[in-house]
Amino acid sequence: MEIQKLVRLNIRNLKPYSSARSEFVGTAAVMLDANENGHDLSGEGLNRYPGPLQHAVKARLSALKSVPAESIFTGNGSDEAIDLLFRIFCEPGHDEAVICPPTYGMYEVLAAIHRTPLKKVPLDAGFGLRPEAIFAAVTRRTKLLFLCSPNNPSGNLADPEAVALLLRKFPGIVVVDEAYIDFAEQKSWSLQLPEFPNLVVLQTLSKAWALAGARFGMAFASPQITGLFDKVKYPYNVNMLTQRKVLEALAEPEKTHAAVVNILAEKSRLREALLKFSFVKTVYPGDANFLLVKFEDARAVFEHLKRQSIVVRDRSGELHCGNCLRITIGTKSENVRMVEALAGFNGSLGLES
Ligand SMILES: *Cc1c(COP(=O)(O)O)cnc(C)c1O
């Protein structure tokens, strides 16, 4: 597949902004090139622009993820990478994208922002991919396919054979969103980049790495595609404070690993506790840090929890998710409070004293 042919013409022809800092490699003794304030008023070096290409962070990520640095794009959350995919590949009002509901809501929001017509090919009732239905939805204008594995909100991993088939036969970019991969047993698709030139894998430090507030996401793809990301992104898309915090976190992966082990143990405890309630119908098996739970009356449970100052995500309105709440696995004490609150649920709406 010729990736270049999928790229919007104006992006192919774009001469990107060349920042002062990206033209100079190394540290100069005197930096009078970027109209910064030479006085370091913060005392933390924030008077200088950050590195535009995040070389130190990428070097560390490359070692951790076993992906070459030139195959890594880093951005302001993985949401930035999703936004850039539309900007790079989808001519507004013309080129199409495919999503598989129920799935992460930002694909649809960003498609709407970019006026990208969206084809929705639902997952089957067991939340499995339907490759043949996806191929049937493809037109000459189809550029992007978003897969989410483990999927939000259903929590399950995508069938690897279905993903491999899609990677081989889909005539555009296949995005595999792995926001929750750190909680799953399966290996990342990023290890298969050499085999699939149309693959883009998204990951984030917002979930397992406990840095949602820092805003840092990654896309792994061929150097040709990461080059397109770099061409289109804001020059200084990851700020200096975030780059420092990310380097600190990446230096101690064992901390993240220990938290993941704890969360997975809490998940099985919570699943057992939930299954004891008569008003719980199904706890879906999931490979992420949340549980999708079907109740007799999800809205009543949601309101009950809210009155106890506990907030969960109501997914009842999503396809195949009738009466389902998505419950994040919290700390032990948070989970205990949630189960205690559920124990006080009597099925009535707003009547308990
Ligand atoms: C949470 C989440 C993201 C998030 O991303 P940021 O890196 O915080 O922007 C992306 N995809 C899915 C499926 C998510 O659930």
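Here, every reference points to the structure presented above.
Please read these numbers as outputs of a predicted model, since none were measured by experiment. (Residues numbered from 1 in each chain as written. Predicted model: local features only at pLDDT ≥ 70, side-chain atom pairs only at ≥ 80, totals over all residues. Heavy atoms only, no water.)

Peer 1: Even after reading the chapter, I still don't get the overall build of the chain, so can you show me in this structure?
Peer 2: The secondary structure content of the chain amounts to 13 helices and 11 strands. Relative to the 2.2 N^0.38 estimate, which gives 20 Å for 353 residues, the radius of gyration of the chain is 22 Å and therefore close to what a compact globule would have. Across its three principal directions, the C-alpha atoms of the chain cover 70 × 55 × 35 Å. Across the 353 residues that make up the chain, the buried fraction comes to 50%. As presented, the chain carries roughly 16,900 Å² of accessible surface, and 55% of it is formed by carbon and sulfur atoms. (Helix = DSSP H or I, 4+ residues; strand = E, 2+ residues; numbered from the N terminus. Rg over C-alpha atoms; globule rule 2.2 N^0.38 Å. Buried < 20%, exposed > 50% of the residue type's maximum accessible area, 1.4 Å probe, protein only. Areas by Shrake-Rupley, 256 points an atom, 1.4 Å probe, with all protein chains shown as cover.)

Peer 1: How should helix α5 (residues 78-89) be read in this particular structure?
Peer 2: Every α-helix winds through 3.6 residues per turn, so residues three or four apart in the chain are directed the same way. With 12 residues, α5 should reach 16 Å at 1.5 Å per residue; the first-to-last C-alpha distance of 17 Å fits that figure. With 10 of 12 residues buried, α5 lies mostly within the body of the structure. (Expected span 1.5 Å × (residues − 1).)

Peer 1: Before we go on, may I ask you to explain the pairing of strand β7 (residues 217-220) in this structure?
Peer 2: Both faces of the sheet carry side chains from a regular strand, because those side chains alternate between them. Along β7, one buried face is formed by Gly217 and Ala219 and the opposite face, lined by Met218 and Phe220, is buried too. In terms of strand pairing, strand β1 (residues 72-75) meets β7 through four bridges, oriented antiparallel. Across the sheet, phenylalanine 73 pairs through a bridge with alanine 219, a residue of β7. Strand direction decides the pairing type here: strand β6 (residues 199-204) and β7, joined by four bridges, are antiparallel. Counterpart to valine 201 in the pairing with β7 is phenylalanine 220. (Pairing = 2+ DSSP bridges.)

Peer 1: Before we go on, may I ask you to explain the sheet that holds strand β8 (residues 280-283) in this structure?
Peer 2: Strand pairing in a sheet relies on backbone hydrogen bonds, with the paired strands running either antiparallel or parallel. A sheet is described by the order of its strands in space; here four strands give the open sequence β8-β9-β11-β10, paired in antiparallel fashion. The open sheet terminates on both sides in strands that have one partner only, identified here as β8 and β10 (313-314). Where helix α11 (residues 253-275) meets the sheet, it contacts β8, β9 (290-295) and β11 (324-328), and its direction lies at approximately 5° from that of β9. Packed on one face of the sheet, helix α12 (residues 298-307) meets β9, β10 and β11 and runs near 40° to β11. (Contact = heavy atoms within 4.5 Å. Axes fitted to C-alpha atoms, helices over the stretch in contact; angles between N-to-C directions.)

Peer 1: Please explain the pairing of β6 as it appears in this structure.
Peer 2: Most of β6 sits inside the fold, with six of its six residues counted as buried. Pairing geometry for strand β5 (residues 173-177) and β6, over four bridges, is parallel. Bridge pairing in β6 places valine 176 opposite valine 201.

Peer 1: Before we go on, may I ask you to explain the packing of α5 against helix α6 (residues 106-113) in this structure?
Peer 2: In a pair of packed helices, the angle between the axes and the distance between the axes together describe the arrangement. Taken N-terminus to C-terminus, the directions of α5 and α6 make an angle of 40°; their axes are 10 Å apart at the nearest point. In terms of orientation, α5 lies oblique with respect to α6. Note that α5 runs across α6; the crossing there is right-handed. Mapping the contact onto sequence places Asp79, Ile82, Asp83 and Phe86 in α5 and Met106, Tyr107, Leu110 and Ala111 in α6. Tallied by class, the residues present in the contact of α5 with α6 amount to six nonpolar, no polar and two charged. (Parallel < 35°, antiparallel > 145°, perpendicular 65-115°, else oblique. Left-handed = near helix turned anticlockwise from the far one by under 90°. Nonpolar A, V, L, I, M, F, W, Y, C, P; charged D, E, K, R; others polar.)

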